[in-house]
Amino acid sequence: MSLLIVNIKKLVQVEKKPRKWVAGKEMTHVACIEDAYLLTEGDRIAAFGPMQELDRELLEQRFDCLKEVNAAGRLVLPSFCDSHTHLVYAGSREIEYMDKIRGLSYEEIAKRGGGILNSAKQLRRATEEELYEAAFARLEEIAGLGTGAVEIKSGYGLDVESELKMLRIIRRLKENTPLLIKSTFLGAHAVPEAYTGRQTAYVDAIINEMIPAVAAEELADYIDVFCDKGFFTVEDTDRILNAGMKYGMRAKIHANELDYSGGVQVGVKYNAISVDHLEYVGEAEIDALSGSETMPTVLPGAAFFLNMPCSPVRAMINAGLPVALASDFNPGSSPSGNMKLIMSFGCVNYKMLPEEVINATTINSAYAMGVQEEAGSIAVGKRANFYITKEISGIEYLPYAYGSDLVEQVFLNGKQL
Ligand code: NIG
Ligand code: FE
């Protein structure tokens, strides 16, 4: 089946020649076509251009089953790519939310057996079916909010069987939802209770037991480590990424959220596809990232929710780096996968321009999860993953109206949801 979307007020983020990412000053530019059409064939984008170049007769001859959608007054954007989530989880953690309001820090909550270990306890008690259903519902929710591709991590299992359970759920989600999903093994999210005081032994278990088991079932596209103060050291990270690499898992890590942890440098050393969080980034980190193949990824939802300092996004962009934004959807530090809200946080808290947040949540976040050839822009041959907005004035209105759902119709793989 083919879809012909006509009278699009503005077709946003079009690319004639798909780029790897958008960096530095280029981030202030988003190519658009006013009064445009968009044609899909099967699950792919087949053509697009200005309405006056649309030859209906030719199209009707070439495509037998052509469904027309009138987008008058509305914009069309490529679906968001959310390159960092932990959306397979059990229960919720609003008790800790209250603790935070009362003044406890993230690390203090973690030390009291809250935080990641709390989610690990809840996850082990939940059945695979319960976890699958809950994650499926979260995917439906974010798809309705405009997300078309999402990376999902394990990391609430923290033993071989429970990590495998999480990754098998992610595999089922890959097979049974229209979203484009990448999976990441995050055994090194926290040291589980069974290994209290024996962090090195847990790292050994990750290397000798978990990684081979995950690889044997081909369950992970990437490997992650929470390389930060109070969690895993640079030395631990080095060992884990080295072991993952031997099994073909590319690094994609949590770095520099709580301190200048050395996470960025060790990530770049292993050619990580992305280093994420980045609240503590200075000249040394920017130098390490410059000229690398690693996408600096900022998670404004977690910084907002935990009241953390903002990552120096402007300094990174001024240094010519690309920047991606992702939701970090998880029960502890960012219980929302709303990428439009992430754009608003990007504008207000990081002083990014609307064009910059669009690039950061589409092309750049597509790169950060390795789907830039399939998603992240309106380009011929990419997946037909896009959404039609409500009637709005222009792209600036999207982050501006931060509490409004402005996504009217969602199309994934050329099919309307
Ligand atoms: O990305 N920083 C580490 N991990 C998650 C938090 C997960 C949790 O608190 O459950 C994050 O923010
Ligand atoms: Fe995270």
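What you see is a predicted model; the values in this text were computed from it and never measured. (Residues numbered from 1 in each chain as written. Chains lettered and ligands numbered in written order. Predicted model: local features only at pLDDT ≥ 70, side-chain atom pairs only at ≥ 80, totals over all residues. Heavy atoms only, no water.)

Colleague: Outline the coordination of the iron ion (ligand 2), listing residues and values.
Modeller: His84 (NE2), His86 (NE2), His254 (NE2) and Asp328 (OD) make up the full set of protein donors to the iron ion (ligand 2), lying at 2.1 to 2.4 Å. In primary sequence terms, the donor set of the iron ion (ligand 2) follows H-x1-H-x167-H-x73-D. Here His84 is found in the loop between strand S6 (80–82) and helix H2 (94–101), whereas its partner Asp328 is found in the loop between strand S14 (324–325) and helix H13 (339–350), with 244 residues between them in sequence. Judged by relative accessible area, His84 falls into the buried class, the value being 0%. (Donors = N, O, S within 2.8 Å, 3.2 Å for Na, K, Ca; no water. Helix = DSSP H or I, 4+ residues; strand = E, 2+ residues; numbered from the N terminus. Buried < 20%, exposed > 50% of the residue type's maximum accessible area, 1.4 Å probe, protein only.)

Colleague: With reference to specific residues and values, describe the state of the cysteines.
Modeller: Counting across every chain of the model gives zero disulfides. Residue Cys310 stays outside any disulfide, its sulfur separated by 13 Å from that of Cys347, the closest cysteine. Cys310 gets classed as partly exposed once you look at its relative accessible area, which sits at 36%. (Disulfide = S-S within 2.5 Å.)

Colleague: Just give me the short version of the pattern of salt bridges, but keep the residues and values in it.
Modeller: Within this structure, the stated rule accounts for 25 salt bridges. Note that Lys10 is salt-bridged to Glu34, the shortest N-O span being 3.6 Å. Here the residue Lys10 occupies a position in strand S1 (residues 2–12), and Glu34 occupies one in strand S2 (residues 32–41), the gap between them amounting to 24 residues. (Salt bridge = Lys/Arg side-chain N within 4 Å of Asp/Glu carboxyl O.)

Colleague: Explain helix H6 (residues 160–176) to me, using residue names and the numbers behind them.
Modeller: End to end, H6 covers 24 Å across 17 residues, agreeing with the expected 24 Å (1.5 Å per residue, within 8%). All of the buried residues along H6 are Ser162, Glu163, Leu164, Lys165, Met166, Leu167, Ile169, Ile170 and Leu173. The inward-facing, buried residues of H6 abut helix H4 (115–125), helix H5 (128–144), strand S7 (147–153), strand S8 (180–188) and helix H7 (199–216). (Expected span 1.5 Å × (residues − 1). Contact = heavy atoms within 4.5 Å.)

Colleague: Can you lay out a nonpolar patch on the surface for me, pointing to particular residues and giving the numbers?
Modeller: Together, Tyr97, Met98 and Ile101 give the surface a local cluster of nonpolar side chains, amounting to about 300 Å² of exposed area. For Ile101, the position within the fold is in helix H2. Exposure remark for Ile101: the relative accessible area of 58% places this residue in the exposed category. (Patch = residues over 30% accessible without salt bridge, like charges linked within 9 Å, V, L, I, M, F, W, Y side chains within 5 Å. Areas by Shrake-Rupley, 256 points an atom, 1.4 Å probe, with all protein chains shown as cover.)

Colleague: An account of the confidence of the model for the protein is requested, with residue identities and associated values reported.
Modeller: Of the residues in the protein, 100% have a pLDDT of 70 or more, and the chain-wide mean is 96. Highest mean pLDDT in the protein belongs to S14 (99); lowest belongs to helix H3 (residues 106–111) (78). (pLDDT = per-residue confidence, 0-100.)

Colleague: Tell me what's going on with the site of ligand 1, and back it up with residues and numbers.
Modeller: Around ligand 1, the surrounding shell holds 15 residues, and the nearest of these are Tyr156, His189, Glu257, Asp328 and Ser333. Residue Tyr156 places a side-chain N or O atom 2.6 Å away from an oxygen atom belonging to ligand 1. At 2.9 Å from an oxygen atom of ligand 1 is found a side-chain nitrogen or oxygen belonging to His277. The residue inventory of the shell around ligand 1, partitioned by class, reads four nonpolar, eight polar and three charged. (Near = heavy atom within 4 Å. Polar contact = N/O pair within 3.5 Å; in protein donor to acceptor, adjacent residues only side chain to side chain. Nonpolar A, V, L, I, M, F, W, Y, C, P; charged D, E, K, R; others polar.)

Colleague: Outline the side chain of Thr297, supporting the account with residue identities and numerical values.
Modeller: Looking at the element boundaries, Thr297 is found in strand S13 (residues 295–298). Take Thr297: its relative accessible area is 0%, and that puts it in the buried class. Apart from residues no more than four positions distant in its own chain, Thr297 is found in contact with Ser83, Ser274, Val275, Asp276, His277, Leu278, Ala324, Ala326 and Ala368.

Colleague: Give a description of the side chain of Ser261 that names residues and reports values.
Modeller: Within the secondary structure, Ser261 sits in the loop between strand S11 (253–255) and helix H9 (263–269). There is a polar contact of 3.0 Å between the side chain of Ser261 and the backbone oxygen of Cys227. There is a polar contact of 3.1 Å between the side chain of Ser261 and the backbone nitrogen of Gly263. Dropping the residues within four chain positions of it, Ser261 is found in contact with Cys227, Asp228, Lys229, Val234, Ala255 and Asn256.

Colleague: Please set out unusual backbone geometry residue by residue, giving values where relevant.
Modeller: Excluding glycine, residues mostly have negative phi values, and the peptide bonds linking residues are mostly trans. A positive phi is found at Asp35, a non-glycine position, where the angle reads about 45°. Note on placement: Asp35 falls in strand S2.

Colleague: Let's hear about the nonpolar core: which residues, and what values?
Modeller: Membership of the largest hydrophobic core comes to 104 residues, with the highest contact counts inside it found for Leu139, Ile152, Leu173, Phe185, Ile240, Met316 and Met352. The residues that make up this core include at least three from each of domain 1 (2–78 + 377–416) and domain 2 (80–368). One finds Ile45, Ile378, Ala384 and Phe386 within the second-largest nonpolar core, a separate group that totals 18 residues. (Core = buried A, V, L, I, M, F, W, Y, C linked by side-chain atoms within 4.5 Å. Domains from an automatic or database assignment.)

Colleague: Tell me what's going on with the domain arrangement of the protein, and back it up with residues and numbers.
Modeller: As assigned here, the protein comprises domain 1 (2–78 + 377–416) and domain 2 (80–368). The gap between the C-alpha centroids of domain 1 and domain 2 is 30 Å. On the domain 2 side, the residues contacting the 33 residues of domain 1 number 35 residues. Regarding the contact of domain 1 and domain 2, the summed buried area is about 2,700 Å², with carbon and sulfur atoms giving 67% of it. Broken down residue by residue, the surface that domain 1 buries against domain 2 is led by Trp21, Met27 and Pro399, which jointly contribute 25%. Our count for the domain 1 to domain 2 interface comes out at one salt bridge. Between Glu293 and Lys20 there is a salt bridge, with its nearest N and O atoms 3.1 Å apart. Linking domain 1 with domain 2 are 13 residue pairs in polar contact (both at pLDDT 80 or more). Among the secondary structure elements, those contributing two or more residues to the side of domain 1 that touches domain 2 are strand S5 (74–78), helix H16 (397–400) and strand S16 (407–412). Ranked by residues supplied to the side of domain 1 that touches domain 2, first place goes to S16 with three residues. Residues of the side of domain 1 that touches domain 2, tallied by class, amount to 18 nonpolar, eight polar and seven charged. (Buried area = accessible area lost by both parts, 1.4 Å probe.)

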